[in-house]
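# Residue-level structure breakdown
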Amino acid sequence: NNEVFCPPFPTDESLDTYLSSIAAPRELICPITQELMKDPVVAEGGHTYERSSLITWFNMGRTRSPVTNSFLTSTTDALLPNLAVGSMANVHREKLAKELLAICQGVYKREQQRQLNGNNSGNNRYDISGVSVRVEGLLDAGADPNDRGEEGNTPLHLLIQARQIQLADHLLNHDANVTIVNDSGLDCIATAEQAMSEQQQNTLINNQWNDFIQELKRRESLEKARSEARDRARTQANEQHRERQR
């Protein structure tokens, strides 16, 4: 069973216990960003950092170690990938992503059941506070919001189909990709438009969906712009490499 039921946490202590259970080990956390590393590198002194954050650190003119505050005689030229930490970080990230996907799958299945029971008005929906806390906690801990599950759905696809705009916003705030297409050929915008069309006519609900869809379209434009920028940078780097070869 790949669904997860998420009741609200009865106490702050139980919430803290859950958040501790999904937190990454300290050695997988970048000392600068305090986030789970994706591209860890070893700098002079033996400490490991996220590559992009350490390069930014050096580009700002800082020449001291972020950990020990000692002077560094070499900067970006001496960075070596930490393959062991990178592998462990990926394993932890995948574990969190699977839990996130299972939770969103559970939300979607419960919404399907609610509709089958004849309640399609949006009323009497179960308490999602437990889901919200878990989703936000998993994302903060480093879960990949773009993992794909059954029928090629990402967590964002599932929450949109479950008509949970508030929960979907958590994913958008953690850079969930809106252009991924599921096995039905629908990206997140098309999924949202379909979900809106299936709702009963309600001005307030329609306005919420319209605002949400406009935000998806804005993020789609940003994603396409970033993709084009990466393609240009890759092309330029390849041209420079060929020129050096010549």
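Data block above holds the structure.
Quick summary incoming for the structure in this document. A quick note: this is a predicted structure, and the numbers were derived from the prediction, not measured.

### A word on the overall build of the protein
The secondary structure content of the protein amounts to 8 helices and 3 strands. What you see in the protein, going N to C, is helices and strands ordered as α-β-β-α-β-α-α-α-α-α-α. Judged by the C-alpha coordinates and their principal axes, the protein covers about 70 × 50 × 30 Å. Long-range contacts, defined here as pairs at least 24 residues apart, represent 65% of the contacts in the protein between residues at least 6 apart. With the model as given, the accessible surface of the protein reaches about 14,100 Å², and the carbon-plus-sulfur share is 48%. Here the protein holds 26 positive side-chain charges and 34 negative ones, and the gap between their average locations is 4 Å.

### Some words on the pattern of salt bridges
Here the structure, examined in full by the defined rule, presents 9 salt bridges. Between arginine 218 and glutamate 215 there is a salt bridge whose closest N-O contact spans 2.8 Å. With arginine 218 and glutamate 215 both in helix α8 (residues 203-245) and 3 residues apart, this pair spans about one turn of that helix. Judged by relative accessible area, which is 42%, arginine 218 ranks as partly exposed. Residue classification places glutamate 215 among the partly exposed residues on the basis of a relative accessible area of 24%. The partner of arginine 234 in a salt bridge is aspartate 231, and the shortest N-O contact between them spans 2.9 Å. Pair noted here: arginine 234 and aspartate 231 are both in helix α8, with a separation of 3 residues, about one helical turn. Since its relative accessible area comes to 46%, arginine 234 is described here as partly exposed. Residue class for aspartate 231 comes out partly exposed when judged on its relative accessible area of 37%.

### Things to note about helix α4 (residues 129-141)
Taking 1.5 Å per residue as the helical rise, α4 with its 13 residues ought to reach 18 Å, and the 18 Å between its terminal C-alpha atoms agrees with that figure. Of the positions making up α4, those classed as buried are Gly130, Val131, Ser132, Arg134, Val135, Gly137, Leu138, Leu139 and Ala141. Buried positions along α4 lie against α1 (12-22), α3 (83-116) and α6 (165-172). Phi turns positive, to about 115 degrees, at glycine 142, one or two residues after α4.

### Here we look at the packing of α3 against α4
One way to put it is that α3 packs onto α4 with a least axis distance of 10 Å and a crossing angle of 155 degrees. Judged on the interaxial angle alone, α4 and α3 are roughly antiparallel. Of the two elements, α3 crosses α4, and the hand of that crossing is left-handed. Here α3 contributes Leu96, Glu99, Leu100, Ile103 and Val107 to the contact with α4, which in turn contributes Val131, Arg134, Val135, Leu138, Leu139 and Ala141. Split by residue class, the contact of α3 with α4 holds 9 nonpolar, no polar and 2 charged.

### A word on the environment of arginine 230
Position of arginine 230 among the secondary structure elements: in helix α8. Looking at arginine 230, the relative accessible area reads 48%, which means it is partly exposed.

### Brief notes about the packing of aromatic side chains
All told, the structure shown has 2 aromatic pairs when counted by the stated rule. An angle of 40 degrees between the planes, with centres 5.5 Å apart, marks the rings of phenylalanine 9 and tyrosine 18 as tilted. Classification of tyrosine 18 by relative accessible area gives buried; the value is 11%. Centroid distance tryptophan 209 to phenylalanine 212: 6.0 Å. Interplanar angle 80 degrees. Geometry classified as edge-to-face. Linking tryptophan 209 with phenylalanine 212, this pair stays in helix α8, spanning 3 residues, or about one helical turn.

Conventions used here
Residues numbered from 1 in each chain as written. Predicted model: local features only at pLDDT ≥ 70, side-chain atom pairs only at ≥ 80, totals over all residues. Heavy atoms only, no water. Helix = DSSP H or I, 4+ residues; strand = E, 2+ residues; numbered from the N terminus. Contact = heavy atoms within 4.5 Å. Areas by Shrake-Rupley, 256 points an atom, 1.4 Å probe, with all protein chains shown as cover. Lys, Arg positive; Asp, Glu negative; His and termini not counted. Charge placed at Lys NZ, Arg CZ, Asp CG, Glu CD. Salt bridge = Lys/Arg side-chain N within 4 Å of Asp/Glu carboxyl O. Buried < 20%, exposed > 50% of the residue type's maximum accessible area, 1.4 Å probe, protein only. Expected span 1.5 Å × (residues − 1). Axes fitted to C-alpha atoms, helices over the stretch in contact; angles between N-to-C directions. Parallel < 35°, antiparallel > 145°, perpendicular 65-115°, else oblique. Left-handed = near helix turned anticlockwise from the far one by under 90°. Nonpolar A, V, L, I, M, F, W, Y, C, P; charged D, E, K, R; others polar. Phe/Tyr/Trp six-rings, centres within 6.5 Å; stacked < 30°, edge-to-face > 60°.

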